[in-house]
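# Working through the structure, step by step
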Amino acid sequence: QVQLVESGGGSVQAGGSLRLSCAYSGNTGSSGCMGWFRQAPGNEREGVGFINSGGGDAMYPDSLEDRFTLSLDNAKNTLYLQLNSLKPEDTAMYFCAARSGTWPRDFGCPRGRSKYDYWGQGTQVTVSS
């Protein structure tokens, strides 16, 4: 069983930054995919970044990769999401997620919400103009 706990959300002005943290525990499979998703009211939950816990580069939607940075600190069992140059449209609940099984580190992580089995409770990000 994998447990995920997000933190770091808050309210910022447009153009500001936040760093979200996802503390994880349990068996992640040593080489499995983790990611961040977000969901605004009325919208689908969408992926914003993914990484394999066994190594490899993070992946992002093309529209976000210039502003968001995902990183993993295995020593601290924490997955981070750095949010820069925030815009009002970034306002959403941000969720951390993990897959239950292993995933080859040379393969890109799946990006679909249905591909992830464990979820945190979410942390709210609000960006004002």
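Structure report, in brief. Just so we're clear, the structure is a prediction, and the values are computed from it rather than from any experiment.

So, about the pattern of salt bridges. What the rule picks out here adds up to three salt bridges. Between Asp90 and Arg38 there is a salt bridge, with its nearest N and O atoms 2.8 Å apart. Here the residue Asp90 occupies a position in the loop between strand E7 (78-83) and strand E8 (92-98), and Arg38 occupies one in strand E4 (residues 33-39), the gap between them amounting to 52 residues. Accessibility expressed as a relative area gives 1% for Asp90, which makes it buried. What emerges from the salt-bridge pattern is a single network uniting Arg38, Glu46, Arg67 and Asp90.

Turning our attention to the sheet that holds strand E1 (residues 2-7). Reading across the sheet, the four strands line up as E1-E3-E7-E6 and stay open at both edges, with antiparallel pairing between neighbours. Across the chains shown, the open sheet's two edge strands, defined by having one partner strand only, are E1 and strand E6 (68-73). Geometrically, the sheet is characterised by an average inter-axis angle of 15° between neighbouring strands, direction not taken into account. In terms of strand pairing, strand E3 (residues 18-26) meets E7 through six bridges, oriented antiparallel. In the strand pairing of E7, Cys22 is matched with Leu79.

Let's shift gears to unusual backbone geometry. In the Ramachandran plot, Asn77 falls in the positive-phi region, its phi being about 50° despite a non-glycine side chain. Tracing the chain through its elements places Asn77 in the loop between E6 and E7. Judged by its relative accessible area of 34%, Asn77 is partly exposed. Its identity is not glycine, yet Ser85 carries a phi of approximately 50°, on the positive side. Counting through the fold element by element, Ser85 comes out in the loop between E7 and E8. When its relative accessible area of 40% is taken as the criterion, Ser85 is described as partly exposed.

Attention now goes to the nonpolar core. With 27 residues, the main nonpolar core has Leu4, Trp36, Phe68, Leu79, Leu81, Leu83 and Tyr94 as its most contacted residues. Listing elements by their share of this core, those giving two or more residues are E1, E3, E4, strand E5 (46-52), E6, E7, E8 and strand E10 (123-128). Aside from chain neighbours lying at most four places away, what touches Leu79 is Leu20, Ser21, Cys22, Tyr24, Met34, Gly35, Trp36, Ile51, Leu70, Ser71, Leu72 and Cys96.

A full pass over the atoms with the stated rule returns four aromatic pairs. With centroids separated by 5.3 Å and ring planes inclined at 85°, the aromatic side chains of Phe37 and Phe50 adopt a geometry described as edge-to-face. Here the residue Phe37 occupies a position in strand E4, and Phe50 occupies one in strand E5, the gap between them amounting to 13 residues. Assessed through its relative accessible area of 0%, Phe37 is described here as buried. Within the aromatic cluster, the residues linked to one another by ring pairs are Phe37, Phe50, Tyr116 and Trp119. For the cation-ring pair, Arg45 lies above Trp119, with the distance from its terminal atom to the ring centre recorded as 5.0 Å.

Scoring rules and cut-offs
Residues numbered from 1 in each chain as written. Predicted model: local features only at pLDDT ≥ 70, side-chain atom pairs only at ≥ 80, totals over all residues. Heavy atoms only, no water. Salt bridge = Lys/Arg side-chain N within 4 Å of Asp/Glu carboxyl O. Helix = DSSP H or I, 4+ residues; strand = E, 2+ residues; numbered from the N terminus. Buried < 20%, exposed > 50% of the residue type's maximum accessible area, 1.4 Å probe, protein only. Pairing = 2+ DSSP bridges. Axes fitted to C-alpha atoms, helices over the stretch in contact; angles between N-to-C directions. Core = buried A, V, L, I, M, F, W, Y, C linked by side-chain atoms within 4.5 Å. Contact = heavy atoms within 4.5 Å. Phe/Tyr/Trp six-rings, centres within 6.5 Å; stacked < 30°, edge-to-face > 60°. Lys NZ or Arg CZ within 6 Å of the ring centre and 35° of its normal.

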